[in-house]
Amino acid sequence: MWYHKPAINEELLQSLPNLKVVASSGVGIDHLDLKLLSSYGVKVCNTPFIVSTDTADLGMALMLASARRLVEGHEMAVSPDTEYFLADWLGVEVSGATLGIVGMGAIGYKVAERAKAFEMKILYHNRNQRKKEEESAVGAVYCKKIDDLLQQSDFVLLAVHLTPQTCKLIGKRELELMKPTATLINISRGLVVDQDALVEALQNKVIKAAALDVTYPEPLPRDHPLLKLKNVIITPHIGSATKKTRWVMMEEMVESIEAGLAGLPVPREVL
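Note that the coordinates shown come from a computational prediction; the quantities given were computed from them, not determined experimentally. (Residues numbered from 1 in each chain as written. Predicted model: local features only at pLDDT ≥ 70, side-chain atom pairs only at ≥ 80, totals over all residues. Heavy atoms only, no water.)

### What about the domain arrangement of the chain?
For step 1, the next point in the chain: In terms of domain boundaries, the chain breaks down into domain 1 (10–49 + 242–262) and domain 2 (51–234).
For step 2, the next point in the chain: Once you take the C-alpha centre of each, domain 1 and domain 2 turn out to be 30 Å apart.
For step 3, the next point in the chain: With 10 residues of domain 1 in contact, the opposing surface of domain 2 contributes six residues.
For step 4, the next point in the chain: When the two sides are added together, the surface that domain 1 and domain 2 hide from each other amounts to roughly 700 Å², 53% of it contributed by carbon and sulfur.
For step 5, the next point in the chain: Among the residues domain 1 hides against domain 2, the three largest losses belong to Val 27, Asp 30 and Phe 49. Together they make up 57% of the total. (Domains from an automatic or database assignment. Contact = heavy atoms within 4.5 Å. Buried area = accessible area lost by both parts, 1.4 Å probe.)

### Looking at the sheet that holds strand β6 (residues 155–158)
For step 1, the next point in the chain: An order of β5-β4-β3-β6-β7-β8-β9 is seen for the seven strands of this open sheet, with the pairing classed as parallel. The outermost strands of the open sheet, each flanked by one partner alone, are β5 (140–142) and β9 (232–234). The sheet shows a mean angle of 15° between the axes of neighbouring strands, direction not considered.
For step 2, the next point in the chain: Bridge analysis of strand β3 (residues 98–102) against strand β4 (residues 121–125) gives five bridges, and the strand direction is parallel. (Pairing = 2+ DSSP bridges. Helix = DSSP H or I, 4+ residues; strand = E, 2+ residues; numbered from the N terminus. Axes fitted to C-alpha atoms, helices over the stretch in contact; angles between N-to-C directions.)

### What about the packing of aromatic side chains?
Between two aromatic rings, the relevant description is the distance of the centres plus the angle of the planes.
For step 1, the next point in the chain: In total, this model carries one aromatic pair according to the counting rule given.
For step 2, the next point in the chain: The interplanar angle of 50° and the centroid separation of 5.2 Å between the aromatic rings of Tyr 124 and Tyr 142 together place this pair among those described as tilted. In this pair, Tyr 124 is assigned in strand β4 and Tyr 142 in strand β5, connecting sequence segments 18 residues apart. (Phe/Tyr/Trp six-rings, centres within 6.5 Å; stacked < 30°, edge-to-face > 60°.)

### Structural notes on the side chain of Thr 55
For step 1, the next point in the chain: In this fold, Thr 55 is placed in helix α3 (residues 52–67).
For step 2, the next point in the chain: Thr 55 gets classed as buried once you look at its relative accessible area, which sits at 7%.
For step 3, the next point in the chain: Discounting chain neighbours no more than four positions away, the residues touching Thr 55 are Ile 107, Ile 187, Gly 239 and Ser 240. (Buried < 20%, exposed > 50% of the residue type's maximum accessible area, 1.4 Å probe, protein only.)

### So, the UniProt feature "domain: D-isomer specific 2-hydroxyacid dehydrogenase catalytic" (unreviewed entry) in the chain
For step 1, the next point in the chain: Look at the UniProt record and you will see "domain: D-isomer specific 2-hydroxyacid dehydrogenase catalytic" (unreviewed entry) annotated at residues 2–270.
For step 2, the next point in the chain: This span, residues 2–270, is 36% helix and 13% strand, and a straight line between its end C-alpha atoms measures 16 Å. (UniProt positions renumbered as here; feature names shortened; annotations may be inferred.)

What follows is the structure, given as structure tokens:
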């Protein structure tokens, strides 16, 4: 499967009685019915580890681009109508700011490693607290309650899996807890955020800005209000989109398929 295609539904499973393995690119498995697949004796694998470095890099890129208004700056610099650059055209500081990471798995932790180099104060919220030595290595402080993280952070970065528990994890209430000067960055899945609530929060300056690599649907309808807002950056779900990573993802998928067909343990099997 690539970009969640083909759709693995009961009709397809019934038409493929000899199917043994479904190999899905990337880390998310929210598009798969694991119980259904298991009932047909089909194993599932993904590529969860190789994507973390590039996705963390993109998270930092989105934060920097939003904070320093790179997209707007580029548009101003190349516009045929520009006669001079505004002296009061200002962004916000990243160095020394507080970053709140929601989801401190492989991707979230790599974001923290990068943020440490920017001398950021790092808060994180996770199902489980990291080991003390892991926290110390990046200077991260655990917030048992997500509300505490939202209230204190200048940038809130989402790096969680999409599950029934995280669907619309960030809604109207959570956005109102954030600082009016804060930026929301989403590199997980679009459905982790209530998009209608986000549009309202951005329009009414409840928060300052958003930088999104993911939306729902993808791409958004061309008349969607998020596309009309100046305080939003949207990229086309490119967290893992580098040549090397995509090549390795394909190699890992092939390796898992070959193992499954040979009756061997499937690497990176989703249980």
